[in-house]
Amino acid sequence: MEGDQANKVDDVCTPEHCFRAFDALYCALTSSKPIPPNFADEKYPLFVTWNTRSSRAGRSPRLRGCIGNFDAIPLREGLAEYALISAFKDSRFRKIERRELPSLECGVSLLTDFEDASSYLDWTVGTHGIYISFPNPSIYPPSSTTPSPLSSSAYLPQFNSRDTLTATYLPDVIPDQGWDKVEAVESAMRKAGWNGAITEETFRTVKLRRYQSRKCEVGWEEFVQWRRENGDDSIS
């Protein structure tokens, strides 16, 4: 029974999902005909990540784009859509070009097990991703009378969305960076756009939602083989 459950978990995110995302980018850049997807059109929150593989052995891939959606959306269209959004609209990077295709790898993360944390430290490095939101301290300075040393959402007032800063890190990002929980939350606050001082009182204003993900990655060579197996003899 345990083995069956493990296989079920491993099957949540598969190479077919990555091939769907890679195919969307490939077809957008080459005007080729897409291969119809061959997986269930389930709904998940998802992220698509593009990395550039190094030509030097032993070097880690370099991030080239990563954007996703926290709403559960149908996978077939969602993967194709966010493959292109992360390739062309990630403001941190220039648009991916056709000449880069052979150096790319595509990662798909399907997000699961969302839970509201009881505090900004109520999560586990290596298991959880984090989504944080907090009132912009320049508009709502943290109060020294915050009732809990590890504030939970029950103690926080409601703020307009325009006054709230948000950011997320996928589960694999935090251990890859070598951060502990405090360092990860502080980095997320910077990512959200707060450049001022971060004190314990500031941390207490953070509302944190933790989640897990199922991830799969494929490279260009695997994608080319998949296209050929599905009838494309012209790809090289």
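The residue count restarts for each chain, going from 1 along the sequence in the order it is written. Given that the model is predicted, a residue must reach a pLDDT of at least 70 before its local features are reported, and side-chain atom pairs must reach 80 or more before they are shown or counted; all residues, however, enter totals for whole chains, interfaces and linings. Based on all heavy atoms of the structure, the side-chain values leave hydrogens and waters out of the count.

Draft legend 1. Up close: the sheet that holds strand β6 (residues 207-219). Should DSSP find at least two bridges between two strands, the strands are regarded as paired. A helix here means a DSSP run of H or I that spans at least four residues, while a strand means a run of E at least two residues long, and both kinds are numbered starting from the N terminus. Taking strand neighbours across the sheet as the criterion, the six strands line up as β2-β1-β3-β6-β4-β5 in an open arrangement whose pairing is antiparallel. At either end of the open sheet lies a strand with only one pairing partner, and these are β2 (62-74) and β5 (164-169). For this sheet, the mean angle separating the axes of adjacent strands, direction not counted, is 25 degrees. Pairing geometry for strand β4 (residues 129-135) and β6, over five bridges, is antiparallel. In the strand pairing of β6, Gly129 is matched with Tyr211. Here, two residues are considered to be in contact whenever any of their heavy atoms come within 4.5 Å of each other. With axes taken as lines fitted to C-alpha atoms, and helix axes fitted only over the stretch in contact, angles between N-to-C directions fall between 0 and 180 degrees. Here helix α2 (residues 15-30) sits on the sheet in contact with β1 (43-52), β3 (104-116) and β6, set at roughly 125 degrees to β3. Contacts from helix α5 (residues 181-192) reach β4, β5 and β6 within the one sheet, and its direction differs from that of β5 by about 125 degrees.

Draft legend 2. Spotlight on the nonpolar core. Definition used in this section: a nonpolar core is a set of buried Ala, Val, Leu, Ile, Met, Phe, Trp, Tyr and Cys residues joined via side-chain atoms within 4.5 Å. Relative accessibility decides the category of a residue: with a 1.4 Å probe and only protein chains considered, values under 20% of the type maximum give buried, values over 50% give exposed, and everything between is partly exposed. With 38 residues, the main nonpolar core has Phe22, Val48 and Trp50 as its most contacted residues. Taken together, the elements giving at least two residues each to this core come down to α2, β1, β2, α3 (75-88), β3, β6 and α7 (220-229).

Draft legend 3. Expanded view of the confidence of the model for the chain. On average, the chain scores 88 in pLDDT, and the residues at 70 or more come to 86%. One confidence number per residue, pLDDT, is output by the predictor and ranges from 0 to 100. Contacts of residues 1-9 to residues separated by more than four positions or lying in other chains number one contact, the stretch itself having pLDDT below 50. Note that residues 144-160 has pLDDT below 50 and, in this model, 27 contacts with residues that lie over four places away or in other chains.

Draft legend 4. Quick peek at the packing of aromatic side chains. Between the rings of Phe, Tyr and Trp (Trp by its six-membered ring), a pair exists once the centres lie within 6.5 Å; its type follows the angle of the planes, with under 30 degrees stacked, over 60 edge-to-face, and the other angles tilted. All told, the structure shown has 15 aromatic pairs when counted by the stated rule. Measuring from centroid to centroid gives 5.1 Å for Phe19 and Trp226, while their planes differ by 15 degrees, and the two rings are stacked. Residue Phe19 is found in helix α2, and its partner Trp226 is found in helix α7; the two are separated by 207 residues along the sequence. In this structure Phe19 comes out as buried when scored by relative accessible area, which is 9%. Between Tyr26 and Phe223 the ring centres are 5.5 Å apart and the planes differ by 65 degrees, which places this aromatic pair in the edge-to-face class. Remark: Phe223 occurs in helix α7 and Tyr26 occurs in helix α2; sequence separation between them is 197 residues. In terms of burial, Tyr26 and Phe223 fall into one category: buried.

Draft legend 5. Here's a closer look at the pattern of salt bridges. Between Lys or Arg on one side and Asp or Glu on the other, a salt bridge is scored when a side-chain nitrogen of the former is within 4 Å of a carboxyl oxygen of the latter. By the definition in use, this model includes 17 salt bridges. Glu115 serves as the salt-bridge partner of Arg210, at 2.8 Å between the closest nitrogen and oxygen. Taken together, the residues Arg210 in strand β6 and Glu115 in strand β3 connect sequence positions 95 residues apart. Classification of Glu115 as partly exposed rests on a relative accessible area of 34%. As a salt-bridge pair, Lys215 and Asp172 come within 2.9 Å of each other at their nearest N and O atoms. With Lys215 in strand β6 and Asp172 in the loop between β5 and α4 (173-177), the pair connects residues that are 43 residues apart, well separated along the chain. Of the residues examined, Lys215 reaches a relative accessible area of 34% and is grouped as partly exposed. Here the salt bridges do not stand alone but share partners, grouping Arg64, Arg94, Glu97, Arg99 and Glu100 into one network.

Draft legend 6. Structural detail: the side chain of Arg64. Among the structural elements, Arg64 can be located in strand β2. For the purposes of these results, a polar contact is taken to be a pair of N or O atoms within 3.5 Å, where, inside protein, one atom must be able to donate a hydrogen and its partner to accept one; residues adjacent in sequence count only when each atom of the pair is a side-chain atom. Within the structure, Arg64 has its side chain in polar contact with the backbone oxygen of Lys95 (distance 3.2 Å).

Draft legend 7. Geometry of α7. Buried within α7 we find Trp220, Phe223, Val224, Trp226 and Arg227. Along the long axis of α7, the arc covered by the buried residues comes to 160 degrees, so they all point the same way. Among the exposed residues of α7, those pointing more than 90 degrees away from its buried face are Glu221 and Glu229. In this structure, the buried residues of α7 make contact with α2, β3 and β6. Looking one or two residues past α7, Gly231 carries a phi angle of roughly 100 degrees, positive in sign. Of all possible arcs, the one meant is that of the directions from the helix axis to the C-beta atoms.

Draft legend 8. View of α3. Take the number of residues in a helix, subtract one, and multiply by 1.5 Å to get its expected span. Taking 1.5 Å as the rise per residue, α3 with 14 residues should run 20 Å; its terminal C-alpha atoms sit 19 Å apart, in good agreement. Buried residues in α3 make contact with α2, β1, β2 and β3.

Draft legend 9. Structural view of the packing of α2 against α7. Two elements in contact, α2 and α7, have axes separated by 10 Å at closest approach and are oriented at 85 degrees. Judged on the interaxial angle alone, α7 and α2 are roughly perpendicular. Residues Glu16, Phe19, Phe22, Asp23, Tyr26 and Cys27 of α2 pack against Trp220, Glu222, Phe223, Trp226 and Arg227 of α7. Each residue belonging to the contact of α2 with α7 can be placed in one class, and the counts come to seven nonpolar, no polar and four charged. The scheme is simple: roughly parallel for angles under 35 degrees, roughly antiparallel for over 145, roughly perpendicular for 65 to 115, oblique for anything else. Any residue outside Ala, Val, Leu, Ile, Met, Phe, Trp, Tyr, Cys, Pro, Asp, Glu, Lys and Arg is labelled polar, Gly included; the first ten of those are nonpolar and the last four are charged.

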